[in-house]
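Listed below, chain by chain, are the residues.
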Amino acid sequence: KIWDAVTGRLLLTLRGHTSWVHACDFSPGGTLVVTASDDRTARLWNEKNGTSLLVLVHTSCVHGCAFSISNDGRRIITAGVDTKVCIWCADTGECQLTIEGEH
């Protein structure tokens, strides 16, 4: 769910994950949202209408997600309980790099 931080009003419900959501992040421009879930996926959403744009699949629960710090926000970083960190292209959903091991 996306809530207005000032008024507390519910703005949007994102539907698609099948288990707990542990993290979310807004893109630098505020038009996209990424979420991380126990259902082994991270999802990219349109912030205005809640449309699911991409499903990024991990091999275990995903407990962290963020957009890259760069101004364009074209990369998504996810972290799973399998000790894998993945860097994804926000345009295509392609995993561009996987880092494994204790972090």
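This structure is a prediction, so every number in the text was calculated from the model and none was measured.

## As for the overall build of the chain
Stage number 1. The helix and strand inventory of the chain stands at zero helices and ten strands.
Stage number 2. Beginning at the N terminus, the succession of helices and strands in the chain can be written as β-β-β-β-β-β-β-β-β-β.
Stage number 3. A compact globule built from 103 residues would reach a C-alpha radius of gyration of about 13 Å, and the chain, at 13 Å, matches this within 12%.
Stage number 4. Seen through its principal axes, the chain has C-alpha atoms that stretch 40 × 30 × 20 Å.
Stage number 5. Looking at the chain as a whole, 39% of its 103 residues are labelled buried.
Stage number 6. Considering only residue pairs separated by 6 or more positions, the chain has 27% of its internal contacts joining residues 24 or more positions apart.
Stage number 7. When the accessible area of the chain is evaluated, it comes to approximately 6,000 Å², of which 54% is carbon and sulfur surface.
Stage number 8. Taking the 9 positively charged and 11 negatively charged side chains of the chain as two groups, their mean positions are separated by 8 Å.

## Structural notes on the state of the cysteines
Stage number 1. The full count for this structure, using the stated rule, is zero disulfides.
Stage number 2. Left without a disulfide partner, C24 is nearest to the cysteine sulfur of C65, which lies 6.5 Å away.
Stage number 3. With no disulfide partner, C95 has as its closest neighbouring cysteine sulfur the one in C86, 4.2 Å distant.
Stage number 4. Judged by its relative accessible area of 31%, C95 is partly exposed.

## A few points about the environment of L14
Stage number 1. You can see L14 is positioned in the loop between β2 (10-12) and β3 (21-26).
Stage number 2. L14 sits 31 residues away from W45 along the chain, and the two C-alpha atoms are 7.8 Å apart.
Stage number 3. Every residue in contact with L14, bar those within four places of it in the chain, is listed here: I2, V33, T35, W45 and G50.

## A look at the sheet that holds strand β6 (residues 52-57)
Stage number 1. Pairing is antiparallel across the open sheet formed by four strands, whose spatial order is β3-β4-β5-β6. A strand with exactly one partner marks an edge of an open sheet, and here the two such strands are β3 and β6. Neighbour-to-neighbour, the strand axes of the sheet open up by a mean angle of 20 degrees, direction not taken into account.
Stage number 2. Where β3 and strand β4 (residues 32-37) come together, five bridges link them in antiparallel fashion. Bridge pairing in β4 places F26 opposite V33.

Rules of the game
- Residues numbered from 1 in each chain as written.
- Predicted model: local features only at pLDDT ≥ 70, side-chain atom pairs only at ≥ 80, totals over all residues.
- Heavy atoms only, no water.
- Helix = DSSP H or I, 4+ residues; strand = E, 2+ residues; numbered from the N terminus.
- Rg over C-alpha atoms; globule rule 2.2 N^0.38 Å.
- Buried < 20%, exposed > 50% of the residue type's maximum accessible area, 1.4 Å probe, protein only.
- Contact = heavy atoms within 4.5 Å.
- Areas by Shrake-Rupley, 256 points an atom, 1.4 Å probe, with all protein chains shown as cover.
- Lys, Arg positive; Asp, Glu negative; His and termini not counted.
- Charge placed at Lys NZ, Arg CZ, Asp CG, Glu CD.
- Disulfide = S-S within 2.5 Å.
- Pairing = 2+ DSSP bridges.
- Axes fitted to C-alpha atoms, helices over the stretch in contact; angles between N-to-C directions.

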